[in-house]
Amino acid sequence: MWSLLLASGYLKVLSRQSYQEIPDGAEPLYELAITNREVASMFRGMVRDWFSSSEQEYNRFIQALLLCDTDAMNDYMNDVALNLFSYFDTGRPSKKENPEIFYHAFVLDLMVDLQKDYVVTSNRESGFGRYDVMLEPREKGKNAYILEFKVFNARREQSLEDTVRAAHAQIEEKQYEALLTAKGIPAEHIYKYGFAFEGKKVLIG
């Protein structure tokens, strides 16, 4: 890609690695830069378009979350997981990797647009443990949300439905809503979601 941009005049060479610095069998390294302001403006517009499209997709997920539309949430997450996630992102848990952290970070990133209306927190203490993600409304009377993420465990569970139930059981057992109820948010305004993951399969309930 860089060679194509260089050959087409969108990039220019600022410096080149000297022959003495190049290891045997390796290619020289080049420092490249955008050629002028016009090209920089073009790239800036392209990046804005990319992120504008992404924000529309994110808003679709957020709207479903706030409307408690689990069907739409599931459609979105499974579409993204199938088309964008890699096995290396969602691989099986081991000592060196934890796919739950990947899912946690991805969903948390989708919450960025909510910060005007909600206090978005992650891995904080409430009740008898640490919740994964909590959305606390800044405006009184709005709903609050607790999200718990779990990766399917074949030794303890037979399906993703079991994993969702395990996530909900943890929310209840650890009383994650304690922080919200202490601030006067009634139980009927606290919605709890369990996110279950198995590779590129996602179930939200």
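Relevant structure appears above.
Residues numbered from 1 in each chain as written. Predicted model: local features only at pLDDT ≥ 70, side-chain atom pairs only at ≥ 80, totals over all residues. Heavy atoms only, no water.

Asker: Which residues make up the packing of aromatic side chains, and what values do they have?
Answerer: Each aromatic ring pair is characterised by the separation of its centres together with the angle its planes make. A complete count under the given rule lists eight aromatic pairs for this structure. Each ring, one from Phe 61 and one from Tyr 76, has its centre 5.4 Å from the other, and the planes form 45 degrees; the classification is tilted. You can see Phe 61 sitting in helix H2 (residues 37-66) and its partner Tyr 76 sitting in helix H3 (residues 70-83), a full 15 residues away along the chain. Site record: aromatic cluster; members linked through ring pairs are Tyr 118, Tyr 145, Tyr 191 and Tyr 193. (Phe/Tyr/Trp six-rings, centres within 6.5 Å; stacked < 30°, edge-to-face > 60°. Helix = DSSP H or I, 4+ residues; strand = E, 2+ residues; numbered from the N terminus.)

Asker: How would you summarise a negative patch on the surface if you had to cite specific residues and measurements?
Answerer: On the surface, Asp 69, Asp 71, Asp 75 and Asp 79 cluster together into a negatively charged patch. Relative to the helices and strands, Asp 75 resides in helix H3. (Patch = residues over 30% accessible without salt bridge, like charges linked within 9 Å, V, L, I, M, F, W, Y side chains within 5 Å. Areas by Shrake-Rupley, 256 points an atom, 1.4 Å probe, with all protein chains shown as cover. Salt bridge = Lys/Arg side-chain N within 4 Å of Asp/Glu carboxyl O. Lys, Arg positive; Asp, Glu negative; His and termini not counted. Charge placed at Lys NZ, Arg CZ, Asp CG, Glu CD.)

Asker: For the nonpolar core, give the residues involved together with the corresponding values.
Answerer: Counting 27 residues, the largest nonpolar core has Phe 61, Met 77 and Phe 195 as the members making the most contacts within it. Listed by contribution, the elements that provide at least two residues to this core are H2, H3, helix H4 (99-110), strand S6 (133-137), strand S7 (144-151), strand S8 (190-198) and strand S9 (201-204). Broken down by element, the residue count for this core peaks at five residues, all from H3. Ignoring any residue separated from it by four or fewer positions in sequence, one finds Met 77 in contact with Phe 61, Phe 106, Val 107, Leu 110, Phe 197, Val 202 and Ile 204. Counting residues in hydrophobic clusters, the runner-up holds nine residues, among them Tyr 131, Met 134, Tyr 176 and Leu 180. (Core = buried A, V, L, I, M, F, W, Y, C linked by side-chain atoms within 4.5 Å. Buried < 20%, exposed > 50% of the residue type's maximum accessible area, 1.4 Å probe, protein only. Contact = heavy atoms within 4.5 Å.)

Asker: How would you summarise the pattern of salt bridges if you had to cite specific residues and measurements?
Answerer: For the structure shown, the criterion picks out six salt bridges. A salt bridge links Glu 139 to Lys 142; its shortest N-O distance comes to 4.0 Å. The exposure class of Glu 139 is partly exposed, given its relative accessible area of 48%. Arg 165 is the salt-bridge partner of Asp 162, the closest N and O atoms lying 2.5 Å from each other. With a gap of three residues between them, Asp 162 and Arg 165 both fall in helix H5 (residues 160-174), about one helical turn apart.

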